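Examination of the molecular architecture
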Amino acid sequence: MSPEIVDKSYVIVKQNNKANWFPKKNSILIFNHEKYGILVKKLTEADNHGNHWFCSNRKYSLSKEQIGPIKKENIYGKVLLVISKKNIGFYI
Amino acid sequence: MLYNLIDKLNYSYKFEEAKAHCDIPCKIYDPIIAQIAVLTMIRTIDLINELEEKDSLTTTDKAQFSRLVSQKEEHGIKVKEEVRVIWGDYFKEPQISAFPEIHDLTHKIMLGASKSKQNVDKKASLELLDNVNRFAEIFWKTKNVNTFKASSPYPPSLELVYPDLKG
């Protein structure tokens, strides 16, 4: 997810444990995908049916359609801090 | 320092790993890689044909022949991969509506690249170049970038479509 998260970075995540928590657009979220496992992606939209959509617009990355809709219960939480070898990034 | 500390903790505690499934920064698409790959295929065909004109092949010639065939194959795969990614990831409804020929053209490129991989066929590879050039022309038009044709300043010195980025 370069440049926000380069390979081998560590992320500190605020866990999704509140019923009234609604992730904001452009938040970087960690979620469980039934096919691809645990993913980190930027949220592009949440529709009225409770589906969360993620898209990368990146060459060779998964498309919005490939990822498909993600329900809130499968979202672990929001990335707050990204620690790479060279930088520390805040997403609060 | 913090990274090293967490890295050491990870060594003991094995944190869960999340994948991003992406490799390079956003929106970098350029058909020039496919165009250069076709030129490379044509160049290898020319060099293979030069070898064929010899009465007998030395060990070095045979090694060169093997290398050329391998390079032709590799660059054929590259043509297909690059065009497929631009077609699949970059072209969306507005671009497809503006250039409905893109699906047929992409399919022709897939078939043409396979044909050029399977054979030592200059005519097929030149047709492939025409199609990839057309693909490049359409790509730049979708970005409102004018294009021009110019001969590549290296063998096989064939025309490529280039974007006029100064315009």
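What you see is a predicted model; the values in this text were computed from it and never measured.

Turning next to the overall build of chain A. Counting its regular elements, chain A contains one helix and seven strands. Helices (α) and strands (β) of chain A occur, in sequence order from the N terminus, as β-β-β-β-α-β-β-β. Scored against the burial criterion, the 92 residues of chain A give a buried share of 25%. Taking as baseline every contact in chain A between residues at least 6 positions apart, the subset at least 24 positions apart corresponds to 49%.

Cis rather than trans, the peptide bond between Pro155(B) and Pro156(B) has omega equal to 10°. With respect to the secondary-structure elements, Pro156(B) resides in the loop between β1 (147-151) and β2 (159-163). Positive phi values are uncommon outside glycine, yet Lys8(A) reaches one of about 75°. Position of Lys8(A) among the secondary structure elements: in the segment before β1 (10-15). Its identity as a non-glycine residue notwithstanding, Asn144(B) has a phi of 55°, on the positive side. Note on placement: Asn144(B) falls in the loop between α6 (122-142) and β1.

Right, let's talk about the environment of Asp46(B) for a bit. Along the chain, Asp46(B) turns up in helix α2 (residues 32-52). Sequence separation of Asp46(B) and Pro156(B) is 110 residues, and the distance between their C-alpha atoms is 8.2 Å.

Turning our eyes to something else, we now look at the nonpolar core. Residues and elements named next belong to chain B. Counting residues in each nonpolar core, the largest one holds 23 residues, and the members touching the most others are Val38, Val79, Val83, Ile109, Leu128, Val132 and Phe135. Elements represented by at least two residues in this core include exactly α2, α3 (59-90), α5 (102-118), α6 and β2. In terms of residue count, the dominant contributor to this core is α6 (eight residues). Every residue in contact with Val132, bar those within four places of it in the chain, is listed here: Pro31, Ala34, Gln35, Val38, Val79, Val83 and Ile109.

Residue and element names in this part refer to chain B. Two elements in contact, α5 and α6, have axes whose closest approach is 9 Å; the angle formed by their N-to-C orientations is 150°. Classified by the interaxial angle, the pair formed by α5 and α6 is roughly antiparallel. The two elements α5 and α6 meet at a crossing, and its hand is left-handed. Contact with α5, carried on its side by Ile102, Leu105, Lys108, Ile109, Gly112, Ala113, Lys115 and Ser116, involves Ala124, Ser125, Glu127, Leu128, Asn131, Val132, Arg134, Phe135 and Ile138 of α6 and no other residues of that element. Of the residues contributing to the contact of α5 with α6, the split by class is nine nonpolar, four polar and four charged.

This brings us to α6(B). For α6(B), built from 21 residues, the straight-helix expectation of 30 Å at 1.5 Å per residue is met to within 8% by its first-to-last C-alpha distance of 30 Å. Of the residues trailing α6(B), Asn144(B) is marked for its positive phi of about 55°.

To continue, consider the packing of α2(B) against α3(B). Residues and elements named next belong to chain B. Here α2 crosses α3 at 155°, and the two axes come no closer than 8 Å. One finds that α2 runs roughly antiparallel with respect to α3. As for how α2 packs across α3, the hand of that crossing is left-handed. Counted together, Ile33, Ala34, Ala37, Val38, Thr40, Met41, Thr44, Ile45, Leu47, Ile48 and Leu51 of α2 and Asp61, Gln64, Phe65, Leu68, Gln71, Lys72, His75, Gly76, Lys78, Val79, Glu82 and Val83 of α3 form the full contact between these two elements. Within the contact of α2 with α3, the residues separate by chemical class into 13 nonpolar, six polar and four charged.

Here we come to the pairing of strand β6 (residues 75-83) of chain A. All names here are of chain A. Bridge count between β1 and β6: six bridges; the pairing is antiparallel. By the bridge assignment for β6, Val13 is matched with Val79. Pairing of strand β2 (residues 28-33) with β6, which is carried by three bridges, proceeds in the antiparallel orientation. Considered in β6, the bridge of Ile30 is made with Gly77. Relative to strand β7 (residues 88-90), β6 is paired through three bridges, and the arrangement is antiparallel. In the strand pairing of β7, Ile83 is matched with Ile88.

How each quantity is defined
Residues numbered from 1 in each chain as written. Chains lettered and ligands numbered in written order. Predicted model: local features only at pLDDT ≥ 70, side-chain atom pairs only at ≥ 80, totals over all residues. Helix = DSSP H or I, 4+ residues; strand = E, 2+ residues; numbered from the N terminus. Buried ≥ 20, exposed ≤ 12 C-beta atoms within 10 Å, placed from the backbone. Contact = placed C-beta atoms within 7 Å. Core = buried A, V, L, I, M, F, W, Y, C linked by C-beta atoms within 7 Å. Axes fitted to C-alpha atoms, helices over the stretch in contact; angles between N-to-C directions. Parallel < 35°, antiparallel > 145°, perpendicular 65-115°, else oblique. Left-handed = near helix turned anticlockwise from the far one by under 90°. Nonpolar A, V, L, I, M, F, W, Y, C, P; charged D, E, K, R; others polar. Expected span 1.5 Å × (residues − 1). Pairing = 2+ DSSP bridges.

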